[in-house]
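What follows is each chain in one-letter form.
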Amino acid sequence: MNIDWSELRHEAEGAFVRYLQIDSSNPPGRETPAAQFLGELLEKEGIVPEYIEIKDGRQAVFARLKSLANNRSLMLASHTDVVPARTEDWTVDPFGGEIIDGKIYGRGAVDMKSVTIFHLFCMILIKRFDIPLSRDLVFLSVPDEETGSRFGMKWLVDNRPDLFDCEFSLNEGASGLESFNSIPLDIFQVAVSEKRMAPFRLRVKGTPGHGSKPTVDNPIAHLVQACERLVNWTRELDVSEQNTVLVRTLTDKGLINGDFDFKKLREDGLMSPDMEAGLTNTINLTILNSGFKFNVIPGSAEALFDCRLLPEMDLGDWRAQVEAQIDDDRIVFSYALEEVPNEPDPIISEWDNELSVAIEHSVREFFEDAIVSQSTSTVGTDNRFLRTLGIPSYGFIPCLLSQSELNGFHANDEFLTQDNFKLGVELMWSVVAKVVCSK
Ligand SMILES: [Zn+2]
């Protein structure tokens, strides 16, 4: 089989640009044109996709390339929606798909329309070259990831279990990076787990009264004290097994000093926020509510915290830790989880299987000295729903993202370089071919 990569890259880039031009912002979430666009590219190759109408205007697209063998499939999963873009905040049209100085701009360039195109071209290559498969290859692109997946992956897992007969799955969640906490080196992180969203609320009742008189029971004062204790709380770093292995590897290769220590790095103020988020349970005070008139002491006050827990943290244990830190019976703690009902418990996907080995080998074929490391995604992805089905699900964006590309996630002037796009097409193919093509 002889793939003309320069031709294929050109073709894939054209599809990517046209895909970026489809506005699939969520909210409002009208993803059907995006699903149709992907489906039509498959249809052109003679692959028959299934369009699944989850809700009005919200289709998912699914396709399967059959193998004669009985092995369970590899699923390539992604989302079609993007977070909204405010045109006035961008220097280019967020849905223009413009290419300037080697950068392909558009909402979804990194999150995650590029990856969907990498997946799609794996399907196309197999069909075009009529490659015999050792297992089915399955393509699934779904709506509604950006607002919690109720009308996307969660719905499909609940209503279409037949789609998920897979051995393992690829989606977003981590990528290749050009540095490790500012030390320049090529490191491909593969997310095997993710943090859990666990926003919580603190409520306190006090004695309402006239603002002119001294009081010892002002609820705002109680709440502020409690918040202060949480804001100033230094939580321990939880250096997981994955990170211990990574540090050992980097030390062995002479890329970091033997005395490297996460704790010391943080004490010295040298740890990046991204790294710290991967090593601790994070909390941020985001909403404070109380009071309505300057001369009235209100009867109650409440605070809301954004909270992201490491995968192994138990909700009950965490609550006990927070309450101990506050150390004030007047404060009532509750999780504010009603926006994300029935969230599954985070699970860590197994490593050391055919897919992880393929990723390690393929990365090293492209970058001899690159490090491949398991990681914990600090944000939520659709992988969480597949992991609860027992499917090892990896977050793998096969590009070496620079800090400015990383900054594009959910932000302005999101872009992917043409070089990274080219790498992504070829590296994704390399991994997928190892796993599904008959030897
Ligand atoms: Zn995403």
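Above this text sits the structure in question.
Model, not experiment: these values are computed from the prediction.

Enquirer: How should the sheet that holds strand β5 (residues 103-105) be read in this particular structure?
Expert: Strand pairing in a sheet relies on backbone hydrogen bonds, with the paired strands running either antiparallel or parallel. A sheet is described by the order of its strands in space; here three strands give the open sequence β4-β5-β18, paired in antiparallel fashion. Looking along the sheet, the strands with just one partner apiece sit at the ends: β4 (99-100) and β18 (415-417). Bridging between β4 and β5 involves two bridges; their strand directions are antiparallel. Across the sheet, Ile99 pairs through a bridge with Ile104, a residue of β5. Across the sheet, helix α13 (residues 418-436) is in contact with β4, β5 and β18; its angle to β18 comes to roughly 75°.

Enquirer: Explanation requested: the environment of Pro311 in the structure shown.
Expert: In this fold, Pro311 is placed in the loop between β14 (300-309) and α9 (315-326). Here Pro311 is in contact with Ser193, Glu194, Pro346, Ile348 and Thr376, once residues within four sequence places are set aside.

Enquirer: What is the right way to look at the nonpolar core in this model?
Expert: In a soluble, globular protein the nonpolar side chains are often hidden away together inside. Formed by 70 residues in total, the largest nonpolar core has its most connected members in Leu137 and Ile359. At eleven residues, α13 tops the list of elements feeding residues into this core. In contact with Ile359, not counting residues within four places along its chain, are Leu170, Val190, Val372, Tyr394, Phe396 and Val431. In terms of nonpolar packing, the next biggest core, distinct from the first, is built from 22 residues, Cys227, Leu230, Ala301 and Ile331 among them.

Enquirer: It is not clear to me how the coordination of the zinc ion should be interpreted in this structure. Could you clarify?
Expert: Summarising the metal site, the zinc ion is bound by the protein donors His79 (NE2), Asp111 (OD), Glu172 (OE) and Glu172 (OE), whose distances to it range over 1.9 to 2.4 Å. With four donor atoms in place around the zinc ion and angles of 57 to 148° between them, the coordination shape is irregular. Positions of the donor residues of the zinc ion along the chain correspond to the pattern H-x31-D-x60-E. On the criterion of sequence distance, the pair formed by His79 in strand β3 (residues 71-79) and Glu172 in strand β7 (residues 166-180) is long-range, its members being 93 residues apart. For the pair shown, His79 and Glu172 are each scored as buried.

Enquirer: Hey, could you run me through the side chain of Ser377 in this one?
Expert: Take Ser377: it is sitting in strand β16 (residues 371-377). A distance of 2.8 Å separates a polar side-chain atom of Ser377 from the backbone oxygen of Val379. Aside from chain neighbours lying at most four places away, what touches Ser377 is Gly173, Ala191, Ser193, Glu194 and Lys195.

Enquirer: Looking at this structure, I do not really get unusual backbone geometry. What am I missing?
Expert: Trans peptide bonds make up the majority, and among non-glycine residues the majority have a negative phi. The step from Pro27 to Pro28 runs through a cis peptide bond, and the omega angle for that step is 5°. Even without a glycine there, the phi angle at Asp130 is positive, about 50°. In this structure, Asp130 sits in the loop between α3 (113-128) and β6 (135-142). Judged by its relative accessible area of 67%, Asp130 falls in the exposed class.

Enquirer: Honestly, the side chain of Thr80 in this entry has me stumped. Any pointers?
Expert: Mapped onto the elements, Thr80 comes out in the loop between β3 and β4. Dropping the residues within four chain positions of it, Thr80 is found in contact with Tyr19, Ser24, Glu31, Ala34, Ala35, Leu38, Lys113, Ser141, Val142 and Pro143.

Enquirer: What exactly am I supposed to notice about the pattern of salt bridges here?
Expert: One side chain can pair with another of opposite charge once the charged atoms of both are near each other. Applying the stated criterion across every chain yields a total of 25 salt bridges. Between Arg72 and Glu167 there is a salt bridge, with its nearest N and O atoms 3.9 Å apart. Highlighted residues: Arg72 in strand β3 and Glu167 in strand β7, separated in sequence by 95 residues. The shortest N-O distance in the salt bridge between Glu323 and Arg319 comes to 3.1 Å. Residue Glu323 and its partner Arg319 are located together in helix α9, separated by four residues, close to a single helical turn. By relative accessible area, which is 34% here, Glu323 ends up partly exposed. Put simply, Arg64, Lys66, Asp136 and Asp165 are held in one network by salt bridges that share partners.

Enquirer: What am I meant to see in the pairing of strand β8 (residues 183-194) here?
Expert: Regular strands have side chains that alternate between both faces of the sheet. The buried fraction of β8 amounts to nine of the twelve residues, a majority that puts the element mostly inside the structure. When β7 meets β8, the two strands line up antiparallel, connected through four bridges. Within β8, the residue paired with Phe180 across the bridge is Ile183. Between the antiparallel neighbours β7 and β8 lie two residues, among them Asn181 with a positive phi of about 45°.

Enquirer: Whenever I open this one, helix α6 (residues 241-252) confuses me. Can you help?
Expert: An α-helix turns once per 3.6 residues; consequently, residues spaced three or four apart project the same way. When the terminal C-alpha atoms of α6 are compared, their 17 Å separation across twelve residues agrees well with the 16 Å that a helix rising 1.5 Å per residue should span. For α6, every residue scored as buried is listed here: Gln242, Asn243, Leu246, Val247 and Leu250. Down the axis, α6 shows its buried residues gathered within 130° of arc, on one side only. In α6, those exposed residues whose orientation departs by more than 90 degrees from the buried face are Glu241 and Asp252. In this structure, the buried residues of α6 make contact with β7, β8, α7 (262-267), α8 (273-279) and β16. Immediately downstream of α6, the backbone of Gly254 shows phi near 75°, a positive value.

Enquirer: Help me understand the packing of helix α5 (residues 219-231) against α9 in this model?
Expert: At their nearest, the axes of α5 and α9 sit 8 Å apart, and the two run at 115° to each other. Two packed elements cross with a definite hand, and for α5 against α9 that hand is right-handed. Taken together, the residues of α9 that come into contact with α5 (itself represented by Ala226, Arg229 and Leu230) are Val322, Gln325 and Ile326. Each residue belonging to the contact of α5 with α9 can be placed in one class, and the counts come to four nonpolar, one polar and one charged.

What counts, and at which threshold
- Residues numbered from 1 in each chain as written.
- Predicted model: local features only at pLDDT ≥ 70, side-chain atom pairs only at ≥ 80, totals over all residues.
- Heavy atoms only, no water.
- Pairing = 2+ DSSP bridges.
- Helix = DSSP H or I, 4+ residues; strand = E, 2+ residues; numbered from the N terminus.
- Contact = heavy atoms within 4.5 Å.
- Axes fitted to C-alpha atoms, helices over the stretch in contact; angles between N-to-C directions.
- Core = buried A, V, L, I, M, F, W, Y, C linked by side-chain atoms within 4.5 Å.
- Buried < 20%, exposed > 50% of the residue type's maximum accessible area, 1.4 Å probe, protein only.
- Donors = N, O, S within 2.8 Å, 3.2 Å for Na, K, Ca; no water.
- Tetrahedral: all angles 85-135°; square planar, octahedral: opposite > 155°, others 65-115°.
- Polar contact = N/O pair within 3.5 Å; in protein donor to acceptor, adjacent residues only side chain to side chain.
- Salt bridge = Lys/Arg side-chain N within 4 Å of Asp/Glu carboxyl O.
- Expected span 1.5 Å × (residues − 1).
- Arc of directions from axis to C-beta.
- Left-handed = near helix turned anticlockwise from the far one by under 90°.
- Nonpolar A, V, L, I, M, F, W, Y, C, P; charged D, E, K, R; others polar.

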